[in-house]
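The lines below spell out each chain.
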Amino acid sequence: MDNIFSLHRDLLNHTWKHGGYQAFKINDPKPRDIHKASVRDRLLHHAVYRILYPFSEKTFIADSYSCRIGKGTHRAINRFRAFAHKVSKNNTRTCWILKCDIRKFFANIDHGILLLILREYIPDKKIIWLLENVIESFSSDWSGIGLPLGNLTSQLFVNIYMNEFDQFVEHRLKAKYYIRYCDDFVIFSEDKEHLEDIISPIKIFLKEKLKLELHPEKVFIKTLASGMDFLGMVNFSDYRILRTKTKKRMLKNIKQKRFLLREGLISDSLFNQSLHSYLVMLKHCRGYKIENEIKSRFCAESRDWLQY
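Another point: the sheet that holds strand S5 (residues 184–189). Each strand in a sheet pairs with another by means of backbone hydrogen bonds, the pair being arranged parallel or else antiparallel. If you trace the four strands from one edge of the open sheet to the other, you get S4-S5-S3-S6, paired in antiparallel fashion. Strands with a single pairing partner mark the edges of an open sheet, and in this sheet they are strand S4 (178–181) and strand S6 (220–223). Averaged over neighbouring strand pairs, the angle between their axes works out to 20 degrees when direction is ignored. Here strand S3 (residues 96–101) pairs with S6 via four bridges, running antiparallel. Looking across to S6, one finds that Trp-96 is bridged to Thr-223. On top of the sheet, helix H6 (residues 152–172) reaches S4 and S5; it is set at about 170 degrees to S4, its chief contact.

As structure tokens, then:
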């Protein structure tokens, strides 16, 4: 309680300063640098998010799915299927899909541009002072560039940042079938040439307005029939399957937890929860073969499995 009152006084007197970060690495599945703020600062992050999210949410497009209440990966995948059916006229026409990924997304968010966007929506100078303090508390390779992956506020800030791009795609490019999840996005069309033509204006807008770049090796135009890899699933016209890398990573993680269970380092309950989460994920795709493999190989390991 003393710490909370101290934080309150610092905010009231405009003497609060964001502290440093604890850095560590994870593999999820590729290596990522995570920066964790102190408990004091994380408490403030949650307070800022709680107030700013409802206001910002009203400005977002419907088909942005990352870190939003009522959205998420499964909703995005279902929307992908709905758009695919519309564009392909229920699989009677060829459906082309442009998929892009932004290069080093969080590490390249420009603080100046982000604050300029925030000032357009928030006239209160005290709030801007607070947000600027949070934003300027971290830089990646260059001063004034980058947001930390570990901050709750970062998830909201990147949605506010990329909302500029979302509005451009929907209103300037007139893309009716567009989905974005964080730095991944797809656009559907019956016309392959149209998708080829809009790559250049997309690149120009990202570079000139947001100082971002498309990943040169992650720009694809493919047919729905050939399968489009999006959010961990390979999506086809009538079904979707788990990405091979995701399947291998899933089985590897279960093996590691089984070893920990046998060594008595984790409980039956924790092992069951992990298995259950994977099996639930498989319900969202054609994953019955992998599901049967997991059940036959791993479910007998736990005495309490039947409760799941």
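A word on the sheet that holds strand S7 (residues 228–230). Strand order in this open sheet of three strands is S7-S8-S9, and the pairing throughout is antiparallel. Looking at the sheet topology across the chains shown, the edges are occupied by S7 and strand S9 (240–242). For this sheet, the mean inter-axis angle between neighbouring strands, taken without regard to orientation, is 30 degrees. In the sheet, S7 pairs with strand S8 (residues 233–235) via three bridges, with the strands oriented antiparallel.

The element S5 is extensively covered by neighbouring structure, given that six of its six residues are classed as buried. Alternating positions in S5 separate into two faces, Asp-184, Val-186 and Phe-188 on one and Phe-185, Ile-187 and Ser-189 on the other, with burial throughout. Where S3 lies against S5, six bridges are found, and the strand directions are antiparallel. Residue pairing for S5: Cys-100 is matched across the bridge by Phe-185. From the end of S4 to the start of S5, which pair antiparallel, there are two residues, and Cys-182 there has a positive phi angle of about 60 degrees.

Rules used in this analysis
All residue numbers here refer to positions counted from 1 along the written sequence of the relevant chain. Only residues with pLDDT of 70 or above have their local features reported here, since the model is predicted, and side-chain atom pairs are shown and tallied only from 80 upward, although totals for entire chains, interfaces and linings are computed over all residues. To obtain the side-chain values, all non-hydrogen atoms of the structure were used and water was disregarded. Whether two strands pair comes down to DSSP finding at least two bridges between them. Numbering of helices and strands runs from the N terminus; a helix is a DSSP stretch of H or I covering at least four residues, while a strand is a stretch of E covering at least two. Every angle, taken between N-to-C directions, lies between 0 and 180 degrees, and every axis is a line fitted to C-alpha atoms, over only the stretch in contact when it is a helix. Contact definition: two residues touch when any of their heavy atoms are within 4.5 Å. Burial classes: relative accessible area under 20% of the type maximum marks a residue as buried, over 50% as exposed, and values in between as partly exposed (1.4 Å probe, protein chains only).

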